[in-house]
Amino acid sequence: MPSAPAAQRRCPWCGDDPLYVAYHDHEWGFPVDDDRRLFEKLCLEGFQSGLAWITILRKREAFREGFAGFDFERVARMGARDVQQLMGNAGIVRHRGKIESAINNAKRARELADEAGSLAAYFWRYEPPASSRPKKLTRDALSAMATSPESIALAKDLKRRGWSFVGPTTVYAFMQAMGLVNDHLHDCATRAAAKAAREAFAPPR
């Protein structure tokens, strides 16, 4: 059987669900410097813990509606009444600890943005050097990289600052999605596009 056309070769994790394919092709691995998107993704990675990402992706719009578009200034002002309302929202993952964590993390994000100038300027400090990345990213190589020295360091610093649901594995998934690393497999058609986007991207400082 002939191999699929290059345009159809993708990382196997996205399967053939149209929503997942679009996320893989146009979002995952492309560099992001928008604070709201960075905060959203780190929150959603926390909600994803123990679940499949496609579950969260299907609920993302409901999460955005429930959490004020992940404007961390607004989320930081949420209180007990908002938590109760979110616990009654069937469109999201109704886990009290994770909901309260998102509100706590919004407060910490506000502090961090004040200190660093932006969340983006802070997170991009943890981009791994190119020399530390695999020369050829195979499925086996990727499966062995649930964390990285940078994700461990970032998770440690976030926890020191009072963030929650930010373990090294969660943080590495965040780094993959936000383009701090390019973990599209070597034979994935999207890898080159993500690489080109990173080369054209100027990390905030």
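For the structure itself, consult the block above.
Here the structure is a predicted model, which means the values were calculated and not measured.

1. A word on the overall build of the chain
Logical step 1: When its secondary structure is counted, the chain shows 11 helices and 0 strands.
Logical step 2: Tracing the chain from N to C terminus, the helices and strands come up as α-α-α-α-α-α-α-α-α-α-α.
Logical step 3: A compact globule built from 205 residues would reach a C-alpha radius of gyration of about 17 Å, and the chain, at 17 Å, matches this within 12%.
Logical step 4: Once the C-alpha set of the chain is aligned to its principal axes, its extents read approximately 60 × 35 × 30 Å.
Logical step 5: For the chain, long-range pairs separated by at least 24 residues make up 69% of all intrachain contacts whose partners lie at least 6 apart in sequence.

2. Details of the nonpolar core
Logical step 1: Core analysis: the biggest nonpolar cluster contains 53 residues, and F39, F63, F67, F123 and L158 have the highest contact counts within it.
Logical step 2: Take this core: its biggest share by element is 8 residues, from helix 6 (residues 96-116).
Logical step 3: Those residues in contact with F123 that lie beyond four places of it in its chain are L38, L42, L154, L158, F174 and L180.
Logical step 4: Core analysis: the next-biggest nonpolar cluster, separate from the first, contains 8 residues, M145, Y172, V181 and C188 among them.

3. Quick look at the environment of E111
Logical step 1: Counting through the fold element by element, E111 comes out in helix 6.
Logical step 2: On the basis of relative accessibility, which here comes to 42%, the residue E111 falls in the partly exposed class.
Logical step 3: Taking the C-alpha atoms as reference points, E111 and A192, separated by 81 residues in sequence, lie 36 Å from one another.

4. What about unusual backbone geometry?
Logical step 1: A positive phi angle, near 50 degrees, is found at A68, a position not held by glycine.
Logical step 2: Relative to the helices and strands, A68 resides in the loop between helix 3 (53-66) and helix 4 (72-75).
Logical step 3: The residue F165 is not glycine, and still its phi comes out positive at about 55 degrees.
Logical step 4: Its location among the elements puts F165 in the loop between helix 9 (149-160) and helix 10 (168-177).

5. Section: the pattern of salt bridges
Logical step 1: Under the counting rule described, the total for this entry stands at 13 salt bridges.
Logical step 2: Two residues, R60 and E27, come together in a salt bridge whose shortest N-O distance is 2.9 Å. Here R60 is found in helix 3, whereas its partner E27 is found in the loop between helix 1 (18-26) and helix 2 (35-48), with 33 residues between them in sequence.
Logical step 3: Of the residues examined, E27 reaches a relative accessible area of 23% and is grouped as partly exposed.
Logical step 4: Among the ionic pairs, R64 bridges to E61, the shortest N-O distance being 2.7 Å. Of this pair, R64 and E61 both sit in helix 3, separated by 3 residues, roughly a single helical turn.
Logical step 5: By relative accessible area, R64 is classed as partly exposed at 25%.
Logical step 6: Look at E61 and you get exposed, because its relative accessible area is 53%.
Logical step 7: The network of salt bridges with shared partners includes E115, D157, R160 and R161.

6. Thoughts on the state of the cysteines
Logical step 1: Within this structure, the stated rule accounts for 0 disulfides.
Logical step 2: No disulfide involves C14; its sulfur sits 6.8 Å from that of C11, the nearest cysteine.
Logical step 3: Note on C14: relative accessible area 2%, which makes it buried.

7. Some details on the environment of R94
Logical step 1: With respect to the helices, strands and loops of the structure, R94 is situated in the loop between helix 5 (80-87) and helix 6.
Logical step 2: Separated by 47 residues in sequence, R94 and F47 have C-alpha atoms that sit 9.2 Å apart.
Logical step 3: Sequence-distant contacts of R94, that is, excluding residues within four places in its chain, are made with L86, M87, G88, N89 and I99.

About the criteria used
Residues numbered from 1 in each chain as written. Predicted model: local features only at pLDDT ≥ 70, side-chain atom pairs only at ≥ 80, totals over all residues. Heavy atoms only, no water. Helix = DSSP H or I, 4+ residues; strand = E, 2+ residues; numbered from the N terminus. Rg over C-alpha atoms; globule rule 2.2 N^0.38 Å. Contact = heavy atoms within 4.5 Å. Core = buried A, V, L, I, M, F, W, Y, C linked by side-chain atoms within 4.5 Å. Buried < 20%, exposed > 50% of the residue type's maximum accessible area, 1.4 Å probe, protein only. Salt bridge = Lys/Arg side-chain N within 4 Å of Asp/Glu carboxyl O. Disulfide = S-S within 2.5 Å.

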